[in-house]
Amino acid sequence: MTKIRVSFIIALLLLSSSFFLQVARCQSESDSEDAELVAETVEEGGDLGIVGDDVQDFGSGNYSPAPGVETVCVFPKNAAKTVVAGKETEVLIGMKNEGDQTVKVLAVHASVHLPFDHRMLVQNLSAQVFNNASIPPSVQAAFPYIFAVSKFLQAGTFDLVGTIVYEIDQLPYQNTFYNGTIEVTEAGGLVSMETVFLVSLGISLLVFLGLWIHGQIQNLSKKTKKAPKVETGTRSVDASMDEWLEGTAYTQSKASKSKKKK
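Residues numbered from 1 in each chain as written. Predicted model: local features only at pLDDT ≥ 70, side-chain atom pairs only at ≥ 80, totals over all residues. Heavy atoms only, no water.

S.K.: Explain the overall build of the protein chain residue by residue, including any values.
M.R.: The secondary structure content of the protein chain amounts to four helices and ten strands. Mapped in sequence order, the helices and strands of the protein chain form the string α-β-β-β-β-β-β-β-β-β-β-α-α-α. Each of the 262 residues in the protein chain was classed as buried or not, and the buried ones make up 28%. Sequence-distant contacts in the protein chain: of pairs separated by 6 or more residues, those separated by 24 or more amount to 73%. When the accessible surface of the protein chain is totalled, it reaches about 18,700 Å², and 59% of it is carbon and sulfur. (Helix = DSSP H or I, 4+ residues; strand = E, 2+ residues; numbered from the N terminus. Buried < 20%, exposed > 50% of the residue type's maximum accessible area, 1.4 Å probe, protein only. Contact = heavy atoms within 4.5 Å. Areas by Shrake-Rupley, 256 points an atom, 1.4 Å probe, with all protein chains shown as cover.)

S.K.: Could you give me a rundown of the confidence of the model for the protein chain, with the residues and numbers involved?
M.R.: Across the protein chain, the average pLDDT comes to 74, with 60% of residues at or above 70. Confidence drops under a pLDDT of 50 for residues 1-30, and excluding neighbours within four residues, the segment shows zero contacts in the predicted structure. (pLDDT = per-residue confidence, 0-100.)

S.K.: Before we move on, can you summarise the nonpolar core with the specific residues and values?
M.R.: Soluble globular proteins tend to bury their nonpolar side chains together. The biggest cluster of nonpolar side chains holds 34 residues, and the ones touching the most others in it are M95, V105, F143, F147, V149, L160 and F177. Elements supplying a minimum of two residues to this core: strand 2 (69-74), strand 4 (89-97), strand 5 (103-114), strand 7 (128-135), strand 8 (139-147), strand 9 (156-168) and strand 10 (171-185). Among all residues touching F147, those that are not within four sequence positions of it are F75, V83, K87, E88, T89, V91, L125 and L160. (Core = buried A, V, L, I, M, F, W, Y, C linked by side-chain atoms within 4.5 Å.)

S.K.: Any chance you could break down unusual backbone geometry for me, citing the residues and the numbers?
M.R.: Positive phi, close to 55 degrees, is recorded for K81, a residue that is not glycine. Topologically, K81 is positioned in the loop between strand 2 and strand 3 (82-84). The backbone of D169 sits at a positive phi, close to 55 degrees, despite the residue not being glycine. For D169, the position within the fold is in the loop between strand 9 and strand 10.

S.K.: Give me a nonpolar patch on the surface: which residues, what numbers.
M.R.: A cluster of nonpolar side chains, namely F197, L198, L201 and L205, defines an oily patch on the protein surface of about 420 Å² accessible area. Considering the arrangement of structural elements, one finds F197 in helix 2 (residues 193-225). (Patch = residues over 30% accessible without salt bridge, like charges linked within 9 Å, V, L, I, M, F, W, Y side chains within 5 Å. Salt bridge = Lys/Arg side-chain N within 4 Å of Asp/Glu carboxyl O.)

S.K.: Mind laying out the sheet that holds strand 4, listing which residues take part and the relevant values?
M.R.: The antiparallel open sheet is built from three strands, whose spatial order is 2-4-8. At either end of the open sheet lies a strand with only one pairing partner, and these are strand 2 and strand 8. Within this sheet the neighbouring strands show an average axis-to-axis angle of 20 degrees, counted without direction. Sheet topology note: the strand 4/strand 8 ladder contains nine bridges and is antiparallel. Bridge pairing in strand 8 places T89 opposite F147. (Pairing = 2+ DSSP bridges. Axes fitted to C-alpha atoms, helices over the stretch in contact; angles between N-to-C directions.)

S.K.: An account of the pattern of salt bridges is needed here, citing residue identities and associated values.
M.R.: Tallied over the entire structure, the rule returns two salt bridges. Of the charged contacts in the structure, one is a salt bridge between E98 and K96, with a shortest N-O distance of 3.2 Å. Under the relative-accessibility criterion, E98 is labelled partly exposed at 42%. Taking relative accessible area as the criterion, K96 reaches 27% and is therefore assigned partly exposed. Residues D117 and R119 are paired through a salt bridge, measuring 3.2 Å at the closest nitrogen-oxygen approach.

S.K.: Just give me the short version of the side chain of H113, but keep the residues and values in it.
M.R.: With respect to the helices, strands and loops of the structure, H113 is situated in strand 5. Within the structure, the side chain of H113 is placed 2.7 Å from the side chain of S111, a separation counted as a polar contact. Discounting residues that sit within four places of it in the chain, H113 has contacts with H118, M120, L121, V122, F158, D159 and V161. (Polar contact = N/O pair within 3.5 Å; in protein donor to acceptor, adjacent residues only side chain to side chain.)

S.K.: Which residues make up the packing of aromatic side chains, and what are the values?
M.R.: Throughout the structure, instances matching the rule amount to four aromatic pairs. Each ring, one from Y145 and one from F147, has its centre 5.8 Å from the other, and the planes form 25 degrees; the classification is stacked. Across the pair, F147 and Y145 agree in class, each one buried. (Phe/Tyr/Trp six-rings, centres within 6.5 Å; stacked < 30°, edge-to-face > 60°.)

S.K.: Break down the pairing of strand 10 for me, citing the residues and quoting the values.
M.R.: When strand 3 meets strand 10, the two strands line up parallel, connected through three bridges. Bridge pairing links T82 to E183 in strand 10. Sheet analysis places strand 9 next to strand 10, joined by 13 bridges and oriented antiparallel. Note that in strand 10 the partner of E167 across the bridge is P172. Hairpin connection between strand 9 and strand 10: a loop of two residues separates the two successive antiparallel strands, and D169 in this loop has a positive phi of roughly 55 degrees.

Right, here's the structure in full:
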């Protein structure tokens, strides 16, 4: 029965490991396909457009995606999607127009949210506006987006939501090119303030535990030194000796001495 249970557990572990390997392989293949699509777009010389300085609120609208327009996202030379707080990070957005009309790209914007609740907004990132950026039918194009999270943002895992806004026949649309996690690190290095706090707390607890154990050992040693010596059986021994010596010369001499003192 035990052998059957062990073999069942081993088989279950093998199946779960193969499943996770397959998921990781599919994810890496999808990332490589996105990178290839963006690379092909750049090689084809797609219209990147001119980045403008116009400040407009493109994040207030909530538009639906247009049919036939697909987007992908790649973090160049940053497969781990690591973002250093306070420093610029570049994202390449690949856009494919499979429709019948020209797509006019307006802007790209993004926001940072808490991973467990997207309603909790952490930061609105700056919008990047494009002038004269258009994609004809059956053409692909790549658009760079450079953003920087606040240098005061605590290191950890956050969700990044990136949106590209465009027009088709003067009607606004938008596509979410990225909706996933990013790893924010501090500019000072790999060690974060949270790690320093946890290490300091652990050392403090160890020191406190050592002092408490030392105090307990000292209390036990003091108790053992102060324990009084208890003598037992002296009176019973004297009584038995008197009974044994009763009637001898020792008891007679002792009785005569007591009479003289009186």
